[in-house]
Amino acid sequence: MRHALPMKSQLKRLAVLGLAGLVLAMPLAARADEDDDGDHDRARDLFEHGEIKGLADILDIVRAKAPGDVVAVDLIRKADRWVYRFQVVGADGRRKTVDVDAGAGVIMRDGEGD
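Residues numbered from 1 in each chain as written. Predicted model: local features only at pLDDT ≥ 70, side-chain atom pairs only at ≥ 80, totals over all residues. Heavy atoms only, no water.

Asks: Would you take a moment to explain the overall build of the chain for this structure?
Replies: Scanning the chain for helices and strands turns up two helices and four strands. Along the chain, from the amino end to the carboxyl end, the secondary structure elements read α-α-β-β-β-β. The long-range share in the chain, meaning contacts at least 24 apart out of those at least 6 apart in sequence, stands at 29%. Summed over its atoms, the accessible surface of the chain is roughly 8,500 Å², and 56% of this surface lies on carbon and sulfur atoms. (Helix = DSSP H or I, 4+ residues; strand = E, 2+ residues; numbered from the N terminus. Contact = heavy atoms within 4.5 Å. Areas by Shrake-Rupley, 256 points an atom, 1.4 Å probe, with all protein chains shown as cover.)

Asks: Teacher, can you tell me more about the environment of Val 89 here?
Replies: Examined against the element boundaries, Val 89 turns out to sit in strand E2 (residues 81–89). Val 89 has contacts with Gly 68, Asp 69, Val 71, Arg 94 and Arg 95, leaving out every residue within four places of it along the chain.

Asks: Which parts of the structure should I look at to understand the pairing of E2?
Replies: Regular strands place side chains that alternate from one sheet face to the opposite one. Relative to E2, strand E1 (residues 69–78) runs antiparallel, the two sharing nine bridges. Its bridge partner lying in E2, Ala 72 is registered against Gln 87. Counted along the chain from E1 to the antiparallel partner E2, the turn is two residues long, and its residue Ala 79 has a positive phi close to 55°. Note: E2 against strand E3 (residues 95–101), seven bridges, orientation antiparallel. (Pairing = 2+ DSSP bridges.)

Asks: So what exactly am I meant to see when it comes to the pattern of salt bridges here?
Replies: Pairs can form between side chains of opposite charge whenever their charged atoms are close. Per the stated rule, a full pass over the model turns up six salt bridges. Across the pair Asp 80 and Arg 81 runs a salt bridge, and its minimum N-O distance is 4.0 Å. Judged by its relative accessible area of 58%, Asp 80 is exposed. Arg 81 sits in the partly exposed class, given a relative accessible area of 35%. (Salt bridge = Lys/Arg side-chain N within 4 Å of Asp/Glu carboxyl O. Buried < 20%, exposed > 50% of the residue type's maximum accessible area, 1.4 Å probe, protein only.)

Asks: In this structure, what is going on with the packing of aromatic side chains? I would like to understand it.
Replies: Two numbers describe a pair of aromatic rings. These are the distance of the centres and the angle of the planes. If you walk through the whole model with that rule in mind, you get one aromatic pair. Taking the centre distance of 6.1 Å and the plane angle of 45° together, the rings of Tyr 84 and Phe 86 count as tilted. Across this residue pair, the class does not change: Tyr 84 and Phe 86 are buried. (Phe/Tyr/Trp six-rings, centres within 6.5 Å; stacked < 30°, edge-to-face > 60°.)

Asks: Teacher, can you tell me more about unusual backbone geometry here?
Replies: What you tend to see is this: most non-glycine residues have negative phi, and most peptide bonds are trans. The backbone of Ala 79 shows a phi angle near 55°, a positive value even though the residue is not glycine. For Ala 79, the position within the fold is in the loop between E1 and E2. Exposure remark for Ala 79: the relative accessible area of 77% places this residue in the exposed category.

Limitation: the analysis is restricted to geometry and does not speak to function.
So, in structure tokens, the structure goes:
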């Protein structure tokens, strides 16, 4: 027969495990925040220098081509151009990826998600 640990010991063990999880996750969260800030700063600099169009203008193009909820946007470098990559979930629940040339403001690729 298995003996149960006293309630106080169980709570203490859970608290230690929870704290350890937070400590381990903090560097990952900090790195994610740094990446987001870097992307934002890079996009702002590119926009201010006229290398890319503003996200608001691009969103109109994406919504006309792929109606639905935009759930993610990335600014990536593809070959020699900057590309906005959108993940859009349509009314039918299907995810669609739409790539837009960020400088020209034209759709490069659209398709079903992975």
